[in-house]
Amino acid sequence: MTFLARIAVFFAIVLSFSQASAQTVWRFALEELPGSVQHAYALEFKRRIEAKSAGEVEVIIYPLGTLGNSSELTELVAMGAIQFAHATPGILGSLIPEVQVFLLPALFPANEEANKEILAGSEAIYGILGKAYEEKGLTLLSVYSEGEMVWTTRKPVTQPEDFRNLKMRVMASPMLVASYDAFGASPTPMPYGEVYSGLQLKLIDGQVNPVFAIEEMKFYEVSNYMIWPKQEHFITSVISNQEWFSGLPVQQRALIRETAQELQEYIFPLQRQYNAQRLAHIKQRSPELTLITLSKDQQATFAKAALPVRQLYIEETGMRGRRILETLLHEIHQIEENQYVNGTVLPIESPYKVVSHNHK
Ligand code: 6CS
């Protein structure tokens, strides 16, 4: 976004601010459309903040297409024009390289409950990685999963050889490019809004996203296969302007932190529900689509192929990246060892466990 365009957005915001009726207005921008997981998150954030502040605060939500693309939203938060945004690591990695830890294949537990526990309370994330956000003028409020990453492709892919010459659209992150390269594909970064036409015009042969996004962006209409490779989750972060946040009265800071914590419990079953419902919708709309889930052995082959990307991550992010990765591996190992989350025995059969051990 050019400087003038930013200023125009800023003044548009100030103007609408003066028209708002509540005393205080907080603005929350999304990288996704109305009806998405991020939208559900923001709606509930708004509902809770407005109720708990007894009308003192009004939250205004800006879905994808109203303020800018993902990196522009982060810029708007960093410059203080808006207070909150979702910032997905696949794009935020150009500003904060360490955040790309969320993109490393086969690192986070395949088990969604275990994954949620890590994302909600990890010291590696909220302690060490949180500092990297602060250095860029951002406060990290929450990290959560929007669901399992699923490939949609023109051709069937069950082994790295099948990816040969297949252009897979990925978000613009060096770690994603390296991972899909290691998987055997030709990774092709492209903005989210161009993926549908990219598939339609055969500029790309496939893409990767959670099911709800594949449905709402209609990628299934221009794909032949949906493939569950069980390599990663779509993990996102919720950010705020650091200076603004730290200058808030202590009760308002507590209100935001507490709400972000509560929303971990809210969004987890909701994203599952969204992904399941949207899959049913896709099947109904496109019965000719072939659905494939990779076998455990096939999953492990891809996971093993991408293992060297962890070393690349350390090389790109230095000491802090190493500490984040090592602390996370320890936390993940502990949770998988325990096999208990909230008193429930987890069915842990992740091929990733083996991979993590090898890495150590
Ligand atoms: O693939 C992307 O670029 C986008 N996917 C989702 C599900 N959310 C935002 C992100 O920019």
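What counts, and where the lines are drawn
Residues numbered from 1 in each chain as written. Predicted model: local features only at pLDDT ≥ 70, side-chain atom pairs only at ≥ 80, totals over all residues. Heavy atoms only, no water. Buried < 20%, exposed > 50% of the residue type's maximum accessible area, 1.4 Å probe, protein only. Helix = DSSP H or I, 4+ residues; strand = E, 2+ residues; numbered from the N terminus. Pairing = 2+ DSSP bridges. Right-handed = clockwise from strand over helix to strand, strands pointing away. Axes fitted to C-alpha atoms, helices over the stretch in contact; angles between N-to-C directions. Salt bridge = Lys/Arg side-chain N within 4 Å of Asp/Glu carboxyl O. 1 Å grid on protein atoms, 1.4 Å probe; cavity = no way out; pocket = protein on both sides within 12 Å on 5 of 7 lines; lining within 4 Å. Points joined across faces, edges and corners; volume = space filled by probe spheres on them.

Participant: Can you tell me about the pairing of strand β1 (residues 24-29), naming the residues and giving the values?
Facilitator: Counted residue by residue, β1 has 5 buried out of 6 residues, so it is predominantly covered. Two elements, β1 and strand β2 (residues 57-62), share 6 bridges in a ladder whose sense is parallel. Residue Phe28 lies in a different strand from β2, and its bridge partner there is Ile61. With helix α2 (residues 37-52) bridging β1 and its parallel neighbour β2, the resulting β-α-β unit is right-handed. Bridge analysis of β1 against strand β3 (residues 84-87) gives 2 bridges, and the strand direction is parallel. Its bridge partner lying in β3, Phe28 is registered against Phe84.

Participant: Tell me about the sheet that holds strand β8 (residues 206-209), and name the residues and values.
Facilitator: Here we have 6 strands laid out as an open sheet, ordered β7-β6-β8-β5-β9-β11, and mixed in their pairing. The open sheet has two edge strands with one neighbour each: β7 (186-189) and β11 (290-293). Sheet twist, expressed as the average angle between the axes of neighbouring strands with direction ignored, equals 25°. Here strand β6 (residues 167-170) pairs with β8 via 2 bridges, running parallel. Bridged to Met168 within β8 is Gly206.

Participant: Describe in detail the pattern of salt bridges, supporting the description with residues and values.
Facilitator: Summed over all chains, the structure comprises 17 salt bridges. Note that Glu262 and Arg48 form a salt bridge whose closest N and O atoms lie 3.0 Å from each other. Taken together, the positions of Glu262 in helix α11 (residues 250-285) and Arg48 in helix α2 put the pair 214 residues apart, joining distant regions of the chain. The class of Arg48 is buried, set by a relative accessible area of 19%. Its salt-bridge partner being Glu98, residue Arg320 comes within 3.1 Å of it at the nearest N-O pair. Highlighted residues: Arg320 in helix α13 (residues 308-338) and Glu98 in the loop between α4 (89-92) and α5 (112-121), separated in sequence by 222 residues. The exposure class of Glu98 is buried, given its relative accessible area of 9%. Through salt bridges with shared partners, a single ionic network connects Glu44, Arg47, Arg48, Lys52, Glu258 and Glu262.

Participant: Can you explain empty space enclosed by the protein? Please cite residues and give values.
Facilitator: Enumeration over the complete set of coordinates arrives at 3 cavities of 30 Å³ or more. For the largest cavity, the calculated volume is near 80 Å³. In terms of lining residues, the largest cavity is bounded by Glu112, Asn115, Lys116, Leu119, Tyr144, Ser145, His233, Gln264, Ile267, Phe268 and Gln271. Breaking the lining of the largest cavity down by element, the ones donating at least two residues are α5, β4 (138-148) and α11. Here the second largest cavity is characterised by a volume of approximately 40 Å³. Around the second largest cavity sit Met149, Arg169, Val170, Met171, Leu176, Tyr180, Val208, Asn209 and Glu232, which together line it. When residues of the lining of the second largest cavity are traced back to their parent elements, those giving at least two are β6, α7 (174-182) and β8.

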